[in-house]
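Structural overview
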Amino acid sequence: MTEDRPTAVVLGGSLAGLLTARALVAGGARVTVVERDALPDGPVPRKGLPQARHVHQLWSGGARALEELLPGAIGRLRAAGVSRVPMTTDMVALSPYGWYRRWAESAFMLPASRDLLDWVVRQLVLADGRISLERGEAAGLTGTGGAVTGVRVRAHDSAERTLTADLVVDATGRGSRAAGWLTGLGLPAVERREVDSGLVYASRLYRAPAAARAGFPVVNIEPDPRGSGTGRGGVLMPVEDGKWIVTLFGGRGDEPPACAAGFERYARDGLRHPLIGELLGGGAEPLGEVAVTRTTANRRHFFERMPVWPENFLVVGDAVCALNPVYGHGMAVAARSALAVRDVVRRRGLGSRGLARQAQRAVGRTVRAAWDLAVGADVFYPGATEKGPTLRDRVLAAYVGRLLRTAAGNGRVARRVTDVTALERGAEVLLAPSVVVAAVAGPLRPALAAPPLTREERRSAGL
Ligand SMILES: Cc1cc2nc3c(=O)[nH]c(=O)nc-3n(C[C@H](O)[C@H](O)[C@H](O)COP(=O)(O)OP(=O)(O)OC[C@H]3O[C@@H](n4cnc5c(N)ncnc54)[C@H](O)[C@@H]3O)c2cc1C
């Protein structure tokens, strides 16, 4: 019986790869995941996932997709000490228009360390006997521009062999070579767009002060593109084990320093408000060095627009659309794309003609909302694009600015904005007549003068 199942090979064993593997077995396949790294037996760092040293929040739109693909995943994260952060109830955030109030919950986020999240996903996915893991490096596709038949894989000892499959999925992340592989098969170049805010990320892990190890809110100092110090911002996210991960960022010429002393100074004196710096000075204990990355450009390959597409080949995750991490959407998009692939495969059946093209289009649709949100904001960073923002960009940004200003003093609008940010609802809800009227009217309550931390939270953090 099992031997008659269609086969798939998924390249890359990170979040997009593992969740797509899961989606394909739910659609009836046997799957081999090919991963370059030796995947660790625990929630620990690995070479192929350097971004794990930085804040990784999972928005609820992604968390729900994760749970649908892997029932029990959220429970395991919670059991490992990850909190469930109701938005904006347990968030203290300074928007460009002032402090958000801590409104009643709409969406939520899961603030796990990335190593833990991947470990939970890995355990659940690889426990499935229909999914096997092979160590090796994908080196190129086999087949023609009409149909892919498999993939060449270089083993750890550098011997090369071909894995044949009914479907090959590229989930190798930002460094994917899919576009080049396709032109190598004689297909036209894929349309590609890049919008690079130039943001640099610097992150450090801390042990929270003892009294603040449970229930402390996420702190977010957002950048204000209109002010000086364009792009400067920071996040303090309480993760499992009573730790805080702190990520600071800044745009071109405004980058956070990589040294420990400079990092804390930037948190205190370099952002729009010193709260994160004050919290670090209140008894947080550093647990390692500062990690820096410049891997923040938005880059999308419009594979779904190709005039021709080979049978049996699919690209998912960051390999399709890598996003500026400041909006925290990459993992949620990967999970939602995997769900979309599962639905297409269930409907059409693996091996059916045109399946790959339809699945690629479904992935393109899941990417769109997060792409529009990120690019709509990032085109305003100096040097992000060759031509700068268009008139449409400016009109949209003016409306979004109005919405954010209103959200600071109107709970109903704040919840709509949060739902869209969390990928729970589509951006069209922000154009509903009642929301447009509210945005024109502006905030119902005055701006807050100080961060909305409770007295207990201040005391617990040594403020
Ligand atoms: C600094 C930073 C912070 C981020 N913060 C957030 C956040 O807060 N929230 C959020 O939702 N997202 C965030 N993201 C995005 C998130 O990390 C990615 O969207 C997510 O990891 C899914 O990516 P992926 O699985 O497509 O690729 P990756 O996670 O990059 O994984 C690619 C995998 O492919 C393997 N590989 C590469 N080449 C080959 C090959 N030739 N053969 C075999 N294996 C190969 C790699 O070893 C790796 O395991 C952040 C990203 C960055 C860079």
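First, a word on scope: everything that follows refers to the structure included in this document. (Residues numbered from 1 in each chain as written. Predicted model: local features only at pLDDT ≥ 70, side-chain atom pairs only at ≥ 80, totals over all residues.)

1. Some points on the sheet that holds strand β1 (residues 7-11)
Read across the sheet, 5 strands follow the order β8-β2-β1-β12-β21 without closing on themselves; strand pairing throughout is parallel. Pairing within the sheet leaves two strands with one partner each, and these edge strands are β8 (131-135) and β21 (313-315). Strand-to-strand twist in this sheet, taken as the mean axis angle between neighbours without regard to direction, amounts to 20°. The sheet contact formed by β1 and strand β12 (residues 167-170) spans 4 bridges and is parallel. Within β12, the position partnered with Val-9 by the bridge is Val-168. Each of β1, β2 (30-35), β8 and β12 touches helix α1 (residues 15-26); the most contacted strand, β2, lies at about 170° to it. Lying on the sheet, helix α9 (residues 355-378) is in contact with β12 and β21; it crosses β21 at an angle near 10°. (Pairing = 2+ DSSP bridges. Helix = DSSP H or I, 4+ residues; strand = E, 2+ residues; numbered from the N terminus. Axes fitted to C-alpha atoms, helices over the stretch in contact; angles between N-to-C directions. Contact = placed C-beta atoms within 7 Å.)

2. Observations regarding unusual backbone geometry
Of note, the amide linkage connecting Met-87 to Thr-88 takes the cis form, showing an omega dihedral of -5°. A positive phi is found at Asn-312, a non-glycine position, where the angle reads about 70°. Relative to the helices and strands, Asn-312 resides in the loop between β20 (298-301) and β21. The phi angle at Leu-423 is positive, at roughly 60°, despite the residue not being glycine. Looking at the secondary structure, you find Leu-423 in the loop between α11 (411-421) and α12 (433-441). A residue is classified by how many C-beta atoms lie within 10 Å of it, and Leu-423, with 25 of them, is buried. (Buried ≥ 20, exposed ≤ 12 C-beta atoms within 10 Å, placed from the backbone.)

3. Examining the sheet that holds β20
Reading across from one edge, β13-β20-β22 is the order of the 3 strands in this open sheet, with antiparallel pairing throughout. Of all the strands in the sheet, the pair left with one neighbour each is β13 (192-195) and β22 (321-322). Sheet topology places β20 next to β22; 2 bridges connect them, and they run antiparallel. When the sheet's bridge partners are listed, Arg-299 is paired in β22 with Ala-322. Strands in contact with α9 are β13, β20 and β22; relative to β20, the strand with the most contacts, it is inclined by about 140°.

4. Section: helix α6 (residues 260-270)
Turning to α6, its buried residues number three or more, namely Phe-263, Glu-264, Tyr-266, Ala-267 and Gly-270. Buried residues in α6 make contact with β14 (200-207), β16 (233-239), β17 (243-250) and α7 (275-281).

5. As for the pairing of strand β15 (residues 218-221)
Neither face of β15 is left uncovered, since the one carrying Val-218 and Asn-220 and the one carrying Val-219 and Ile-221 both have all their residues buried. In this structure, strand β5 (residues 91-95) lies alongside β15, joined through 4 bridges in parallel fashion. Directly across from Met-91, in β15, lies its bridge partner Val-218. Here 3 bridges tie β15 to β16, and the two strands are oriented antiparallel to one another. Directly across from Ile-221, in β16, lies its bridge partner Gly-234.

6. Overview of the site of the ligand
Taken together, 39 residues lie around the ligand, and Ser-14, Gly-48, Gly-173, Gly-317 and Gly-330 are the ones closest in. Elements with a contribution of two residues or more to the shell around the ligand: α1, β2, β9 (137-143) and α8 (330-348). Looking at the shell around the ligand, the element that brings in the most residues is α8, giving 4 residues. Here the shell around the ligand is built from residues that sort into 15 nonpolar, 18 polar and 6 charged. (Near = placed C-beta within 6 Å. Nonpolar A, V, L, I, M, F, W, Y, C, P; charged D, E, K, R; others polar.)

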